[in-house]
Amino acid sequence: MQSFPAFFPLEGRRVVVIGQGPAADAKARLFDGSPAALERFDASPGVETLRGAALVFVAGEDEADRMRAWRAAREAGVPVNVVDHTELCDFYTPAIVDRGALVIGVSTSGAAPTLARDLRARIEQVVPAAYEKLAAFAQRIRTRVTARRPGIDARRRAWETILRGAAGEAALAGDMDAAERAAERVLSGDPRARGVVHLVGAGPGDPDLLTIKALRVMQDADVVFYDKLVDPRVLDLVRRDAERVFVGKARGQHAVPQRNIEEQLIDAAKQGLRVVRLKGGDPFVFGRGGEELEALKAADVAAYVVPGVTAALGCAAEAGTPLTHRDHAQAVTFVTGHAKGGGAPDLDWRALSAAKHTVVVYMGVDTAPLIAKKLIEAGRAAGTPVLVIENGTTARVKRVRGTLDRLGELMVEGEIYGPAILIIGDVAALGDADVAKIVAEAVQ
Ligand SMILES: C[S@@+](CC[C@H](N)C(=O)[O-])C[C@H]1O[C@@H](n2cnc3c(N)ncnc32)[C@H](O)[C@@H]1O
């Protein structure tokens, strides 16, 4: 370790920046929004003024001025940083990730500030902005935790439970009252305090489409419940030691009943586990996420929803097919093609037949011919473009394109078995145009 990272408290402290120009301005900007009292001087203000400062930055453009300021800071006995003179620095300025009380500094001991900045950019991506709220919450309850858990080990365990469980999640979500209540449950020894369920959108397949938040909770989970729409590459990103429970429909077997899944989620949370319920696409788009959330809330389990990229958005983006377009579609509607007990789904066919309107049908593989018939009967043009996308954003993607009157045939010719969406409307003619090539690629 060539230099030692240490953090200077800024509350009620003076920070001095000496010099004019962009480098001095940049140093001063570091303290925007901090509680430090920032003082700026064009040239050295003298030893007495510098005495007692927490930090001094020397950044002027005149070399003689800089040396004078450095000597004065030295004589005043305060830590000094001289821009572009690493050999004169008592401390280096790190690249900073600022999350309020949570501060991350990256240093290359003055060797390569660009490298430190590049690394900072990567850290910025993985430390959500909400961590500022979590750190503020920790500050708020610190004395209470210390008083209620005087022993070091017990205190460490309490902090782990608070910050990684329901209290931490509530604080990250900005709900400080819920965070306080959950922390109180931990401090009063309630074993359920740690349990929390996240309903997480796994997206349509491509793991790069996961949100940063989804990744964070997946890597923090004790147990993950998933079904068959969740891509194996997404499942691979779950914490290695987490238990994985399949709750989908295995080949030749019945699906696990919804009520049973909800009970398993509730049981796991009440054992104090961090639970992730992974769902294909977005949990709230034809994903029964609403029912699961209601059941969890009714059972008094802390539950959160992490959105995902729904199939329509992921598949359309991959195909280069915009779902709305100023020239072709002013509205888009997502509908389910699934009908209880077979037959056509119960939809407002007239509304769906409006011109300049894109309809995206989920779960419509079996009912595609009926859907086409109903739309045409309700007034949609027989020649309306349609695009069928199966297994979008996976290596098995298949796309077939044609017109509404031939939708049934397209499904058969393209050997579409699902999961697939049907995009119906003028926009379906846009995007990857060479359909023959697309189908050929998919068949390989
Ligand atoms: C029960 S719904 C779940 C939808 C999911 N919650 C979402 O937001 O995408 C299942 C339907 O989503 C669509 N779907 C899911 N993943 C897909 C994919 N990778 N490619 C095409 N369609 C997909 C299909 O219509 C499938 O029948």
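Structure first, text after, so check above.
Rules and cut-offs
- Residues numbered from 1 in each chain as written.
- Predicted model: local features only at pLDDT ≥ 70, side-chain atom pairs only at ≥ 80, totals over all residues.
- Heavy atoms only, no water.
- Helix = DSSP H or I, 4+ residues; strand = E, 2+ residues; numbered from the N terminus.
- Buried < 20%, exposed > 50% of the residue type's maximum accessible area, 1.4 Å probe, protein only.
- Arc of directions from axis to C-beta.
- Contact = heavy atoms within 4.5 Å.
- 1 Å grid on protein atoms, 1.4 Å probe; cavity = no way out; pocket = protein on both sides within 12 Å on 5 of 7 lines; lining within 4 Å.
- Points joined across faces, edges and corners; volume = space filled by probe spheres on them.
- Nonpolar A, V, L, I, M, F, W, Y, C, P; charged D, E, K, R; others polar.

Colleague: What is the right way to look at the environment of Asp-300 in this model?
Modeller: Structurally, Asp-300 can be placed in the loop between α12 (289–298) and β11 (303–306). On the accessibility criterion, Asp-300 (55% relative accessible area) is exposed. Put simply, Asp-300 and Pro-322 are 22 residues apart on the chain and 41 Å apart in space, counted from C-alpha to C-alpha.

Colleague: Explanation requested: helix α15 (residues 368–377) in the structure shown.
Modeller: Counting along an α-helix, one turn takes 3.6 residues, and residues three or four places apart therefore face a common direction. Within α15, the full set of buried residues consists of Ala-368, Ile-371, Ala-372 and Leu-375. The buried residues of α15 all sit within an arc of 100 degrees when viewed along its axis, so they share a single face. Next to the buried residues of α15 lie α14 (349–352), β13 (357–362), α16 (407–413) and β16 (420–424). Downstream of α15 by a residue or two, Gly-379 has a phi angle that is positive, lying close to 115 degrees.

Colleague: Quick question: what am I supposed to make of empty space enclosed by the protein here?
Modeller: Per the stated rule, a full pass over the model turns up two cavities of 30 Å³ or more. Quantified by volume, the second largest cavity comes out at close to 50 Å³. Arg-164, Glu-169, Val-196, His-198, Arg-216, Val-217, Asp-220, Ala-221, Arg-274 and Val-276 are the residues that line the second largest cavity. Those elements giving two or more residues to the lining of the second largest cavity turn out to be β7 (196–201), α9 (212–218) and β10 (274–279). The residue inventory of the lining of the second largest cavity, partitioned by class, reads four nonpolar, one polar and five charged.

Keep in mind these values describe shape, not function.
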